[in-house]
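Here is how the chains run, residue by residue.
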Amino acid sequence: MKDLAVEFRQKYAIAGIFLFVFVMVFLVFKAYGTINAREWSILIWVILLFTGLNAIIKSFMQESSGTYLYYYTLIEPIELLVSKIIYNFVLLTLLFLFIIGLMFVFVGFPVKDLSLFSIASLGGILGISAIFTFVSIISATDKGSGTMMSILALPLILPIFLLLLKTTTVSARLISDTSVYDDVMLIYGLDSMLIGLMIFLFPNLWRS
Amino acid sequence: MMNEQNIRVKGIYWKAAGCLLFLYVLIGGMIVPLKSGVTQLSTTSASSGDTLAITVTGYNTHFAEAKNNRAWLKIDSAHHIQSYNVKAIDENDIVLSFAIPNAMPTNETPVAATLLIDNEIDGVIVQPNAIFITNTRTDTTASATWMASALGDFNKVQGIKFPYRNILNETIRNTFFHVALWFAMFALLFAGVYYAIQYLRTGDYTMDIKSASYTKVAILYGMMGLLTGAIWGKFTWGTYWPNDIKLNMAAVAMMMYVAYLILRGSTTDYDKRAKTSASYSIFAFLALIPLLFIIPRINDSLHPGNGGNPALGGEDLDHTLRLFFYPSIIAQILLGLWMGQLLIRYEAIKERLLSKNKINQTPIVGQSNPI
């Protein structure tokens, strides 16, 4: 779990990502002028997806193979995986809050049902960070490029992404849906499935 | 090593069975005619008390050839009238005359009436909601002119015929190819995932080749499934690709598996390639289940089997369709396994030649003779 602190020590990388987010939101704001609630709910997730992708690509690839060997001797693979997911989850949540804050300043905050929005969003971010972690492990063992990661990650993300769009539009009261909590359950179900699978698969990948 | 006795196709029985079954499905599925149906009515509305002469255009019908054409308008199980004059113009056109009684048995307006036409060649043709009768005079007590007996003495359809469905017409035959392709794709993907798990458990490199080969054939099947689905969609929905959740999710699923191919192609290190692609294929297979089965079901979809639409079973898959549908699934799975085995052998020979030519190549882990 010390991993978390290690990652946060690389302050300039984190700062770079936040600047990137700022520029993205500002660009979107200037390009659109006014943003309605529907566009708002799409934009926050698209921005989060692409900035998150950018941020997490770094998390596994930055480190040299020497560091990996050091980790390998030091800790259990599961521990490393869980700490990676937690780190990515925290990072994405911070990014998400940052995006929401910026959007609030520039265009406002259309969400009416805050509890639904936050519960669904946290579940979705957990799923996104799990998938990103998994894919970054695959492309890291692949000496991979960023393109490899986007190709692999984006189709896998899509179910969660669509569910998130739906819950966000519901929480902004654009559409009403009485069974929206089924969707929230589905998001968490997908999360637990993905993380369980990763814990099962990771030790195999890690050895190489 | 290769003497006369060894030069024969291995497992010839199931391969031949696959080919024969597929040939049977291909020929039978294309040749068996559809049942008769109604394509057009000259009028679809009437008022109570009217005398109605409807020209009905049929499909695959034998009105002129048949000696005993009869027709009924039916409102519910206890109320129907028989046509007093039936005149066949030619094989596909017939004029039916009805005298609709003044008194309707219900208070509703309009009343939907089902049209039934029966003759000894085509059997009974049922067209639900054919005529909408505007209810002008409501007199529920005097329903004497509606006959109350149940309709029963219909002729049976002769021979094997596929059911006639209004929006499907002849494309109902696509059931044997489109639907069966997806079934077979799942079977092959399952084989791929099974060998991926076997690879991760044992580290046997031949398992990786097997997993990849079956997955590749499954991707081919999936692509063909999308293609046959698009053709079907053009006929029934009017467009090759309606913006429908089921279709889009299927496209995403295929994207996921194309990414699998790219992942396999991106590295030449056997060990890493095998590990990453085995993990990814298990991951992708589990991601496929919500994509194809859960999300389309909780949203509205045009596609059968989703959003309240019925899928297999019920009226749509009757016994004549089953006669070809199940063999088609079996045939396509067998052919897919065969294709997969050919790929496995091709890959194995390629790897062996490569490792023979380049001695300094990474040694293949745990290779046994895969053929």
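Residues numbered from 1 in each chain as written. Chains lettered and ligands numbered in written order. Predicted model: local features only at pLDDT ≥ 70, side-chain atom pairs only at ≥ 80, totals over all residues.

### Points about the packing of helix α3 (residues 205-236) of chain B against helix α4 (residues 245-265) of chain B
Residues and elements named next belong to chain B.
Here is step 1 of the chain: At a minimum axis separation of 10 Å, α3 and α4 run at an interaxial angle of 145°. Crossing geometry of α3 relative to α4 is assigned as left-handed. Where α3 abuts α4, its residues Ala212, Thr215, Ile219, Gly222, Met223 and Leu226 lie against Ala250, Ala251, Met254, Tyr257, Tyr260, Leu261 and Arg264. (Axes fitted to C-alpha atoms, helices over the stretch in contact; angles between N-to-C directions. Helix = DSSP H or I, 4+ residues; strand = E, 2+ residues; numbered from the N terminus. Left-handed = near helix turned anticlockwise from the far one by under 90°. Contact = placed C-beta atoms within 7 Å.)

### Structural notes on the packing of helix α1 (residues 12-31) of chain B against helix α6 (residues 319-357) of chain B
Residue and element names in this part refer to chain B.
Here is step 1 of the chain: Taken N-terminus to C-terminus, the directions of α1 and α6 make an angle of 140°; their axes are 8 Å apart at the nearest point. Compared by their axis directions, α1 and α6 come out oblique. Of the two elements, α1 crosses α6, and the hand of that crossing is left-handed. Side by side, α1 and α6 meet where Trp14, Lys15, Ala17, Gly18, Leu21, Phe22, Tyr24, Val25, Gly28 and Gly29 of the first sit next to Phe324, Pro327, Ser328, Ile330, Ala331, Gln332, Leu334, Leu335 and Trp338 of the second.
Here is step 2 of the chain: Of the residues in the contact of α1 with α6, the class split is 13 nonpolar, 5 polar and 1 charged. (Parallel < 35°, antiparallel > 145°, perpendicular 65-115°, else oblique. Nonpolar A, V, L, I, M, F, W, Y, C, P; charged D, E, K, R; others polar.)

### Observations regarding the domain arrangement of chain B
Here is step 1 of the chain: Partitioning chain B into structural domains gives domain 1 (37-134) and domain 2 (169-357).
Here is step 2 of the chain: Here domain 1 of chain B and domain 2 of chain B have C-alpha centroids that lie 46 Å from each other. (Domains from an automatic or database assignment.)

### Notes on the interface of chain A and chain B
Here is step 1 of the chain: With 22 residues of chain A at the contact, the number on the chain B side is 24 residues.
Here is step 2 of the chain: Elements that contribute at least two residues to the side of chain A that touches chain B include exactly α6 (114-141), α7 (146-171) and α8 (180-206) of chain A.
Here is step 3 of the chain: Residues belonging to the side of chain A that touches chain B are distributed by class as follows: 16 nonpolar, 4 polar and 2 charged.

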